[in-house]
Amino acid sequence: MTKAEKALRDELVARCRELNSSGINQGTSGNISVRFGDLMLISPSATPYDEMTADMVASVALDDTSGAYEGPLKPSTEWRFHQKLLRERPDANAVVHAHPTYCTTLAITRRPIPACHYMIAAFGGTDVRCAGYATFGTEELSILAIEAMKDRTACLLANHGMITLGESMAKAMWRAIELEAIAKQYYLSLQIGGPIILSNDAIAEAMKSFSGYGLQETK
Ligand SMILES: [Zn+2]
């Protein structure tokens, strides 16, 4: 194993533990993947993160949809949408998926997140869409996720959870935490009369100010 691969595996394990410590993980439902050349490194299926080590991280060829993998443990059951996103989104090198409470609550009601806060701009546009429902782990769910993620770096998954993308694991994780925060704020605003939605111009202004901002936040 090269030094570069070992470093990515170590970071992936650390980021999985961060999913727990940040409170956005529920049980072992969260998973993380990262691009390594033509491969995807991905957290293994149903493994508690405090017991995970770098050699348990599964490796899957980005162009092999057969389910073949290398590693002592099977990749996450959601490997298909991780693989499809890394294959079809060259702007992304890392994918975070989890079922955090507020994102999932909105996803259960199949609501997109509107421009209720300027931070929506961190996800590439004026909203974060909610993908339609398909059974977890299926190719159909991968297709729905790709569609919902068009021109965006996040989406909700109906009756399931959320996905974020990033140029790095740090950035994808930062977006996951920000997405759960905005989901909570939107949910709470719905309890007191509903949000005032920002204009497209206001979001465009916020997006301009975002260049470089996210990376600073992840330090
Ligand atoms: Zn899931």
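Remember, it's a predicted structure, so these values are computed and weren't measured experimentally. (Residues numbered from 1 in each chain as written. Predicted model: local features only at pLDDT ≥ 70, side-chain atom pairs only at ≥ 80, totals over all residues.)

Caption draft 1: Inspection of the packing of helix H2 (residues 79-88) against helix H4 (residues 139-148) at higher detail. Here H2 crosses H4 at 40°, and the two axes come no closer than 8 Å. Classified by the interaxial angle, the pair formed by H2 and H4 is oblique. Between H2 and H4 lies a crossing whose hand is right-handed. Of the residues in H4, those in contact with Arg 80, Phe 81, Lys 84, Leu 85 and Glu 88 of H2 are Glu 139, Leu 141, Ser 142, Ala 145 and Ile 146. Each residue belonging to the contact of H2 with H4 can be placed in one class, and the counts come to five nonpolar, one polar and four charged. (Axes fitted to C-alpha atoms, helices over the stretch in contact; angles between N-to-C directions. Helix = DSSP H or I, 4+ residues; strand = E, 2+ residues; numbered from the N terminus. Parallel < 35°, antiparallel > 145°, perpendicular 65-115°, else oblique. Left-handed = near helix turned anticlockwise from the far one by under 90°. Contact = placed C-beta atoms within 7 Å. Nonpolar A, V, L, I, M, F, W, Y, C, P; charged D, E, K, R; others polar.)

Caption draft 2: How the structure looks around the nonpolar core. Ala 145, Cys 155, Leu 156 and Met 162 are the most contacted members of the largest nonpolar core, which has 61 residues in total. The leading source of residues in this core is helix H5 (residues 169-191), at nine residues. (Core = buried A, V, L, I, M, F, W, Y, C linked by C-beta atoms within 7 Å. Buried ≥ 20, exposed ≤ 12 C-beta atoms within 10 Å, placed from the backbone.)

Caption draft 3: Fine view of helix H3 (residues 101-108). Along H3, the residues classified as buried are Tyr 102, Cys 103, Thr 104, Leu 106 and Ala 107. Contacts made by the buried residues of H3 are with strand S5 (130-131), strand S6 (154-157), strand S7 (161-166) and H5. Immediately downstream of H3, the backbone of Arg 110 shows phi near 55°, a positive value.

Caption draft 4: Spotlight on the pairing of strand S4 (residues 94-98). Counting buried positions along S4 gives five out of five residues, so the element sits mostly inside the fold. Both faces of S4 are covered, namely the face carrying Ala 94, Val 96 and Ala 98 and the face carrying Val 95 and His 97. Where S4 meets S7, five bridges bridge the pair, whose relative direction is antiparallel. Residue pairing for S7: Ala 98 is matched across the bridge by Met 162. (Pairing = 2+ DSSP bridges.)

Caption draft 5: Region of the structure containing H2. H2 sits mainly inside the fold: eight of its ten residues count as buried. Within the span of H2, buried status applies to Trp 79, Arg 80, Phe 81, His 82, Gln 83, Lys 84, Leu 85 and Leu 86. Buried positions along H2 lie against strand S1 (31-36), strand S2 (39-42), strand S3 (58-61), S4, H4 and S7.

Caption draft 6: Unusual backbone geometry, seen in detail. Even without being a glycine, Ala 46 presents a positive backbone phi close to 50°. Considering the arrangement of structural elements, one finds Ala 46 in the loop between S2 and S3. For Asn 159, which is not glycine, the phi dihedral falls at a positive 50°. Along the polypeptide, Asn 159 turns up in the loop between S6 and S7.

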